[in-house]
Amino acid sequence: MFNKRTLPLAAIVLLVVACSDVQEHTAPAVHDRDSVSVMTSYGVNTLISDSGVIKYRIVTERWDVNTAKNPSRWSFEKGVFFEQFDEKFHVQGYIQADTAWYYDQKKLWHLRGRVRIRNVNGMLYESEELYWDGISHEFYSNVFSRVTTPERTMEGTYFLSDEKMTHYTVSNSKGSFEREDMTGETKDEASKGAAPADTAQHLAPQRPQLTKHAKRQ
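Procedures and definitions
Residues numbered from 1 in each chain as written. Predicted model: local features only at pLDDT ≥ 70, side-chain atom pairs only at ≥ 80, totals over all residues. Heavy atoms only, no water. Pairing = 2+ DSSP bridges. Helix = DSSP H or I, 4+ residues; strand = E, 2+ residues; numbered from the N terminus. Core = buried A, V, L, I, M, F, W, Y, C linked by side-chain atoms within 4.5 Å. Buried < 20%, exposed > 50% of the residue type's maximum accessible area, 1.4 Å probe, protein only. Patch = residues over 30% accessible without salt bridge, like charges linked within 9 Å, V, L, I, M, F, W, Y side chains within 5 Å. Areas by Shrake-Rupley, 256 points an atom, 1.4 Å probe, with all protein chains shown as cover. Salt bridge = Lys/Arg side-chain N within 4 Å of Asp/Glu carboxyl O. 1 Å grid on protein atoms, 1.4 Å probe; cavity = no way out; pocket = protein on both sides within 12 Å on 5 of 7 lines; lining within 4 Å. Points joined across faces, edges and corners; volume = space filled by probe spheres on them. Nonpolar A, V, L, I, M, F, W, Y, C, P; charged D, E, K, R; others polar.

- An unreviewed UniProt entry lists the protein chain under the name LPS export ABC transporter protein LptC, with Prevotella aff. ruminicola Tc2-24 as the source organism.

**Overview of the pairing of strand S13 (residues 168–171)**
Argument step 1. As judged from the 4 bridges shared by strand S12 (residues 158–162) and S13, these two strands associate in the antiparallel manner. Looking at the pairing, Phe 159 lines up with Val 170 of S13.
Argument step 2. The hairpin formed by S12 and S13 contains 5 residues between the paired strands, and Met 165 there has a positive phi angle of roughly 60°.

**Examining the nonpolar core**
General note: in soluble globular proteins, nonpolar side chains tend to be found buried as a group.
Argument step 1. Grouped together as the largest cluster of nonpolar side chains are 27 residues, with contacts concentrated most on Trp 109, Leu 111, Tyr 125, Leu 130, Phe 139, Val 147 and Phe 159.
Argument step 2. Breaking this core down by element, the ones donating at least two residues are strand S2 (53–66), strand S4 (80–85), strand S5 (91–97), strand S6 (99–103), strand S7 (108–118), strand S8 (124–133) and S13.

**Section: a nonpolar patch on the surface**
Argument step 1. Together, Leu 47, Ile 54 and Phe 89 make up a nonpolar patch on the protein surface, roughly 240 Å² of accessible area in all.
Argument step 2. Locating Leu 47 in the fold gives a position in strand S1 (residues 39–50).

**Quick notes on the layout of surface pockets**
Argument step 1. Roughly 790 Å³ of internal volume is contained in the largest pocket.
Argument step 2. Taken together, 28 residues line the largest pocket, and the ones lying closest to its centre are Asp 50, Lys 55, Tyr 56, Trp 132 and Glu 163.
Argument step 3. Those elements that place two or more of their residues in the lining of the largest pocket are S1, S2, S4 and S7.
Argument step 4. For the lining of the largest pocket, the leading source of residues is S2, giving 4 residues.
Argument step 5. Counted by class, the lining of the largest pocket contains 13 nonpolar, 7 polar and 8 charged residues.

Okay, here's the thing in structure tokens:
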């Protein structure tokens, strides 16, 4: 039997043993800041200026800004729509894509999924991937692209253009053209895929691609 002095000591030992069997269920600490956006905006409809002049309207369902990723980027994973303006604020065309990333340090846009561009002249560009270089002021793509104008349609696996989509090159191309556009060729010869005068007859040099880090989405 326990006496009055040993009973409290036995209770303390049992309490210590019982507490030593308790397991804590805690989540691991989050150390990877790479997945954390510093800003997330929903239902965005805003104007973007360049050198003090309003040039674009951006409409998107979700806009994430992440400066921790390498390279830093803006993400538009719910789609994006641009309207382009001239200096008098007249609409010059539009750009749209299912997904887009903007690498702010490189001034480079990467557009993916149902990319569509229409300019003021009615030219329509269609592809599944397009890069927009804000430093060289060029669009380029290394995947299948289609260019449709009121006069003709061209298709190819390489595309390069200025920002206004008025001077462009389509390589490895094929297309159909109006009879009056052809010189010294029959309509049957045109259907074989002869390239128009402003289409490169050889493979254009490949545009620089993103680095390994930049390709991580």
